[in-house]
Amino acid sequence: EKAEIGLIGLGTMGSNLALNIAEKGHRIAVFNRTASKTDAFVENAGALKGRIVPCKSLAELADAIRPPRPVIIMVLAGKPVDEQIAALRDELSANDIIIDAGNANFHDTVRRFTELQGSGLTFIGMGVSGGEEGARHGPSIMVGGTQESWTRVEDVLTAISAKYKGEPCAAWLGPDGAGHFVKTIHNGIEYADMQMIAEIYGILRDGLAMAPKEIAPVFAGWNEGRLNSYLIEITAKVLEADDAETGKPVVDIILDRAGQKGTGKWSVIEAQQLGIPATAIEAAVAARVLSSFKAERLAAEKAYGTLEVERISGAKDALLKDLELALFAGKIAAYAQGFAVMEGASKEFGWNLPMPTIARIWRAGCIIRSQFLDTIAEAFGKSGGKGNLLMAPAFITMMKEAHPSLRRIVARAAEAGLPVPALSSALAYFDAYRQGRGTSNMIQAQRDFFGAHGFERIDAEGAFHGPWGMEQG
Ligand code: NDP
């Protein structure tokens, strides 16, 4: 009996995705560059073993699948994907579908899509979020390609995806690079979410001198309210956990140096290219970079002096309430930026990205899943996803309630010397966004002064120059 689908790359994501597909009743052929991994994978597949066809070559893989063949590639992003596509082209035939499910840069996806055009093969660029657990039991799936190609793989993808109150978290989002672009912005938002949580943790740790086990219930409590989300839930769990070796809280023995694989940086690069401010995401990416300069930071601490802990005083209950609302306000601004970047890309590339659908398929399965995304889905459902999230009526109400807290927390953190780059960027974005009369009249005056760039007037149409003479320039 032939398999219905194939998968290349039995790493963390690929192996779990393959088990998920098999579990949903599909016969799947698998191949991995290192053959011993394929054997070990089948050996450990338990009851699902019968639905898995191990293959030792791509020719064997192609032969094991019933045409037209859908083949998922889940290998390291970049060159390995191009190599697999090149090798697969020789083995596949017309109407077969290649699905790249890794974290591709969407520019690569667009290029691969173009390269395969006219070959008879169909290409799908698919973003998958949810880590290991999501891949195994239900990820969020963001698909880019032709609508016709989506129709051909829709059944299996919706079957393996996460469900939010029964609704599958898998959808076709637009042509070629749309799925991978949306996945990239998902990750950019994830960076901002994580950074803002880390900043709040920093205020609790260094500002209030609270121990991990005292902070854990704070996050656990917030997880019951408006901040309810996977990232808040795991933050509480992380803070509860002890290191097996030393018995110390595990967060206290982890080095404060964050890694990154590129999607956060890509979000920022694309936002800049599109001319859409994504300052909270930028701050989060920069914070990870700065965190990696550990030796330099230690030297700087010596040069400038160590700040004492427990620098924030006052009524703790009120402060905790403020921290919760500050995080919520920061989150609103970060999501507004992420969705604005997607709106910008949608216009630039003519994708027509369905914002309400994006919010809906992020409600379960993915790393940023939360109750908040249901609120966004609802707001976008009403507005069609057009315009900045900060202008949706429900968000105006929420932000009016929450921004005073963000203001107080950023101010207190600044006074205490506690870095809150993402929260303060979120606040600055909000303050600049809601200011009807900004300060760029000064920028325009300066530009005209030194470069004769001209300016517009508030009281007349046309281009004007200031009264500054040549002698100043
Ligand atoms: P792993 O490191 O666990 O696995 C990598 C896989 O890629 C292995 O099967 C490896 O084969 C294969 N591979 C690497 N280089 C080549 C090559 N040159 N030719 C052929 N195969 C190659 O990675 P993950 O499963 O974590 O990630 C896979 C993709 O999924 C990446 O794009 C990643 O960014 C993305 N992703 C990961 C998530 C996660 O939480 N881990 C979440 C969402 C997406 P071999 O065994 O022979 O080395």
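Owing to the predicted nature of the structure, the values given are computational and were not obtained by experimental measurement. (Residues numbered from 1 in each chain as written. Predicted model: local features only at pLDDT ≥ 70, side-chain atom pairs only at ≥ 80, totals over all residues.)

> Describe the UniProt feature "active site" (unreviewed entry) in the protein chain, with residues and values.
Mapped onto this numbering, the UniProt entry gives "active site" (unreviewed entry) at Lys183 and Glu190. Following the sequence through the fold, Lys183 ends up in helix α8 (residues 178-207). Here Lys183 is in contact with Asn103, Gly127, Ser129 and Met142, once residues within four sequence places are set aside. Mapped onto the elements of the fold, Glu190 is located in helix α8. With 22 C-beta atoms counted inside 10 Å, the residue Glu190 sits in the buried group. Among residues more than four places away in sequence, those in contact with Glu190 are Ile367 and Ile368. (UniProt positions renumbered as here; feature names shortened; annotations may be inferred. Helix = DSSP H or I, 4+ residues; strand = E, 2+ residues; numbered from the N terminus. Contact = placed C-beta atoms within 7 Å. Buried ≥ 20, exposed ≤ 12 C-beta atoms within 10 Å, placed from the backbone.)

> An account of the site of the ligand is requested, with residue identities and associated values reported.
Near the ligand, the surroundings consist of 22 residues, among which Gly11, Met13, Arg33, Gly102 and Asn103 are the closest. Elements that contribute at least two residues to the shell around the ligand include exactly α1 (12-23), α4 (79-91) and β6 (122-129). (Near = placed C-beta within 6 Å.)

> Quick rundown of the confidence of the model for the protein chain? Include the residues and the values.
Taken over all residues, the pLDDT of the protein chain has a mean of 96, while the share at 70 or more is 99%. Interface confidence in the predicted complex, given as ipTM, is 0.98; pTM for the same model is 0.96. (pLDDT = per-residue confidence, 0-100.)

> Describe in detail the pairing of strand β7 (residues 140-144), supporting the description with residues and values.
For a regular strand, the rule is simple: side chains alternate between the two faces of the sheet. Most of β7 is tucked away: five of the five residues are buried. Side chains of β7 alternate between two faces, with Ser140, Met142 and Gly144 and Ile141 and Val143 buried alike. Two elements, β6 and β7, share five bridges in a ladder whose sense is antiparallel. Residue pairing for β7: Ser129 is matched across the bridge by Ser140. Bridge count between β7 and strand β10 (residues 170-174): four bridges; the pairing is parallel. For Gly144, the partnering residue across the bridge sits in β10 and is Gly174. (Pairing = 2+ DSSP bridges.)

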